[in-house]
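Observations on the model geometry
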Amino acid sequence: MRAIQIQQHGGPEVLQAADMPSPQPGPGQVLVDVAASGVNYIDTYQRSGLYPIPVPFVPGLEGAGRIVAMGEGVTGLSTGDRVGWAAAAGSYAEQAIVDAARAIPVPDGVADDVAAAVFLQGLTAHYLATSTYPVQQGDSVLVHAAAGGVGLLLTQIVKLRGGRVIATVSTDEKAELARAAGADEVIRYDQVDFSAETRRLTAGRGVPAVFDGVGRTTFDGSLATLRPRGIMVLYGAASGPVPPVDPQRLNSGGSLFLTRPSLVHYTGTREELLARAGDLFGWIEAGKLDVRIGGRYPLADARRAHEDLEGRRSTGKLLLVP
Ligand code: NDP
């Protein structure tokens with residue numbers, strides 16, 4: 001099979017197509033013909049070595065496709081079933097091994113590319129808005145990079161829960177996308193002090209929650225945007241990691257909360273994984289959640305996909321199509 005292999009950590013150029021033997025499913029695993037693989041920011045952290053993974057490895061965690069072989073002891077799934085996943089290492093490939101416990105059956109009404117596009121970022125947006133900070137009717141929350149993969153989904157889910165979204169983006173085109181996803185206010189944070197503007201938009205009060213996947217460049221401003229006892233949800237580092245934080249800043253900011261959540265801890269059981277996925281599928285089938293696929297690339301062009309993602313040229317989801 002064809003796959004992308006990383007022989008050494010580095011920039012997008014280390015993503016090289018290679019011929020590899022088809023993997024064999026072990027006990028509790030299934031082998032899937034991949035219809036589409038999702039590109040995620042975490043793939044860039046693993047590629048660069050920020051999140052260390054021993055080389056060589058096949059990157060990618062997400063995808064959707066059809067089961068073609070079963071390992072021993074798998075129950076509840078069959079050859080021919082369509083499944084998706086958000087946590088199967090080696091997904092930038094024509095075939096991938098998925099733990100049956102992490103394989104999510106895809107309903108007939110959801111196409112393969114939509115399924116591959118919604119798992120990692122959609123499950124993330126779901127847990128952020130429903131569990132990390134359960135958005136309440138009328139809450140104003142700040143969503144950074146709202147035209148990105150997580151951002152567009154998070155904006156829509158906050159709106160589904162009756163919240164008000166104050167969004168940040170870096171271009172006019174992204175502003176339009178954020179508005180189309182339901183954002184009530186859109187701030188060009190490349191031009192305007194987003195913290196001061198958010199305070200103005202909330203009559204000086206600040207917001208009860210900031211969803212920040214940008215990290216280094218927004219972290220201080222995000223803390224300054226919270227109202228007393230607000231929660232800073234730092235869920236990523238697209239602009240780079242945040243330096244160590246003095247807890248005293250949470251005091252002076254107004255008894256703030258800081259959390260650094262991860263999808264794995266919010267999908268710890270199969271029940272929780274399937275319940276979150278079930279909500280996403282239900283919204284998609286009801287036309288309430290639009291999964292925007294901002295770019296499709298041949299598998300061999302993984303390098304270009306990473307360049308576009310890290311270059312801030314992407315919107316919504318990027319997919320690799322074998
Ligand atoms: P996005 O599609 O959101 O792409 C990143 C966006 O961040 C860019 O489009 C850009 O939007 C913004 N950005 C701001 N500064 C920079 C910069 N210096 N370099 C690059 N981008 C910048 O990516 P994803 O949806 O895949 O991921 C978003 C974040 O969510 C990432 O930090 C990722 O690690 C995190 N994540 C966390 C998870 C968790 O469970 N903790 C799970 C999934 C994702 P703009 O141009 O508008 O500024």
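Residues numbered from 1 in each chain as written. Predicted model: local features only at pLDDT ≥ 70, side-chain atom pairs only at ≥ 80, totals over all residues. Heavy atoms only, no water.

1. Things to note about the overall build of the chain
On a plain count of helices and strands, the chain comes out with 10 helices and 15 strands. Relative to the globule expectation of 20 Å for 322 residues, the C-alpha radius of gyration of the chain, 20 Å, shows essentially globular dimensions. In terms of overall dimensions, the chain has a C-alpha envelope of 60 × 40 × 35 Å along the principal axes. Counting every position in the chain, which comprises 322 residues, the buried fraction comes to 54%. For the chain, long-range pairs separated by at least 24 residues make up 67% of all intrachain contacts whose partners lie at least 6 apart in sequence. When the 29 positive and 33 negative side-chain charges of the chain are each reduced to one mean point, those points stand 6 Å apart. (Helix = DSSP H or I, 4+ residues; strand = E, 2+ residues; numbered from the N terminus. Rg over C-alpha atoms; globule rule 2.2 N^0.38 Å. Buried < 20%, exposed > 50% of the residue type's maximum accessible area, 1.4 Å probe, protein only. Contact = heavy atoms within 4.5 Å. Lys, Arg positive; Asp, Glu negative; His and termini not counted. Charge placed at Lys NZ, Arg CZ, Asp CG, Glu CD.)

2. Digging into the packing of helix α1 (residues 41–48) against helix α10 (residues 302–310)
α10 packs onto α1 with a crossing angle of 110° between their chain directions and a minimal axis gap of 10 Å. Between α1 and α10, the angle falls in the class roughly perpendicular. Each of Y41, D43, T44 and R47 in α1 lies in contact with α10, whose residues at this interface are H306, L309 and E310. For the contact of α1 with α10, a count of residues per class yields two nonpolar, two polar and three charged. (Axes fitted to C-alpha atoms, helices over the stretch in contact; angles between N-to-C directions. Parallel < 35°, antiparallel > 145°, perpendicular 65-115°, else oblique. Nonpolar A, V, L, I, M, F, W, Y, C, P; charged D, E, K, R; others polar.)

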